[in-house]
Amino acid sequence: MPGSTIGEVAKRAGVGVETIRYYERRGLIPRPPARRSGYRQYPDDTVDRLAFIRHAKDLGFTLTEIGELLSLRTHPRSNCTAIKAKAEAKIADVESRIEMLGRMRVTLKRLVAACDRRETTEECPILESLKRSAVG
């Protein structure tokens, strides 16, 4: 009998059954019709599709973006230009996050250094900074 049950696919792909169901609801994985037995048989390429999704997530793509990539992947007439544009946009997003994380790091290091000079929490620069940020 061709195909695999959802449990078999989940095990082979290293994901949970609920993850597969969620991806079905999001349209990332087609939901196969139920057989007479009541079980659904997933095509053999489902594990490869799940690996694609996992790798794209590891690279920072959102599920919406992954859906777009999958759509481009399955259209034989599409070319690399659209995929390249999505990858370049992701690079710009990653670089922006790196800059933001760098600023956060500098601020936290400054606050930790200021904290080393205080003894009571009444004067804690970290707590004061967080309080000011919440109000302002």
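Here the structure is a predicted model, which means the values were calculated and not measured.

Things to note about the overall build of the protein chain
Across its full length, the protein chain carries 6 helices and 0 strands. Counting every position in the protein chain, which comprises 136 residues, the buried fraction comes to 23%. Relative to all contacts within the protein chain whose residues are 6 or more apart in sequence, the contacts with residues 24 or more apart total 45%. Mean positive and mean negative side-chain charge positions of the protein chain (26 and 18 charges, respectively) differ by 6 Å.

Looking at the packing of aromatic side chains
Overall, the coordinates contain 1 aromatic pair when judged by the stated rule. Note on Tyr22 and Tyr23: the rings are 6.3 Å apart at their centroids and 50° apart in plane angle, and the pair reads as tilted. Residue class for Tyr22 comes out partly exposed when judged on its relative accessible area of 34%. Overall, Tyr23 belongs to the buried group, its relative accessible area being 7%.

Quick notes on the confidence of the model for the protein chain
Summing up the model confidence of the protein chain, the mean pLDDT is 87 and the portion of residues at 70 or higher is 90%. Ranking the elements of the protein chain by mean pLDDT puts helix 6 (residues 125-135) last, at 74, and helix 2 (residues 17-25) first, at 97.

Topic: the packing of helix 3 (residues 46-58) against helix 4 (residues 63-74)
Relative orientation of the contacting elements helix 3 and helix 4 amounts to 130°, with a least axis distance of 10 Å. Taken as axis vectors, helix 3 and helix 4 run oblique relative to one another. Between helix 3 and helix 4 lies a crossing whose hand is right-handed. Contact with helix 3, carried on its side by Arg49, Phe52, Ile53, Ala56 and Lys57, involves Leu63, Ile66, Leu69, Leu70, Arg73 and Thr74 of helix 4 and no other residues of that element. By residue class, the composition of the contact of helix 3 with helix 4 is 7 nonpolar, 1 polar and 3 charged.

Parameters at a glance
- Within each chain, residues carry numbers counting from 1 in the order of the written sequence.
- Thresholds applied to this predicted model are a pLDDT of at least 70 for local features of residues and 80 or more for the giving and counting of side-chain atom pairs; totals over whole chains, interfaces and linings are not thresholded and use all residues.
- Water and hydrogen atoms were dropped before computing side-chain values, which therefore reflect all heavy atoms in the structure.
- Strands are runs of DSSP state E lasting at least two residues, helices are runs of H or I lasting at least four, and both sets are numbered from the N terminus onward.
- Only protein chains enter the calculation, and the probe is 1.4 Å; a residue is then buried if its accessible area is under 20% of its type maximum, exposed if over 50%, and partly exposed in between.
- We call two residues in contact whenever any of their non-hydrogen atoms come within 4.5 Å of each other.
- When charges are counted, neither His nor the chain ends are considered; positive counts come from Lys and Arg and negative counts from Asp and Glu.
- Throughout, a charge is located at the NZ atom of Lys, the CZ atom of Arg, the CG atom of Asp or the CD atom of Glu.
- Pairing of aromatic rings covers Phe, Tyr and Trp, the last through its six-membered ring, and needs centres within 6.5 Å; plane angles under 30 degrees mean stacked, over 60 mean edge-to-face, and all others mean tilted.
- Every residue is assigned a pLDDT by the predictor, reflecting its confidence on a scale from 0 to 100.
- As a rule, the C-alpha atoms of each element are fitted with a line to give its axis, helices using only the stretch in contact, and angles between N-to-C directions run from 0 to 180 degrees.
- Throughout, the term roughly parallel applies to angles under 35 degrees, roughly antiparallel to angles over 145, roughly perpendicular to angles from 65 to 115, and oblique to all others.
- In this scheme, a crossing is called left-handed if the near helix is turned counterclockwise away from the far one by less than a right angle; it is called right-handed if the turn is clockwise.
- When residue character is reported, Ala, Val, Leu, Ile, Met, Phe, Trp, Tyr, Cys and Pro are called nonpolar, Asp, Glu, Lys and Arg charged, and the others, Gly included, polar.

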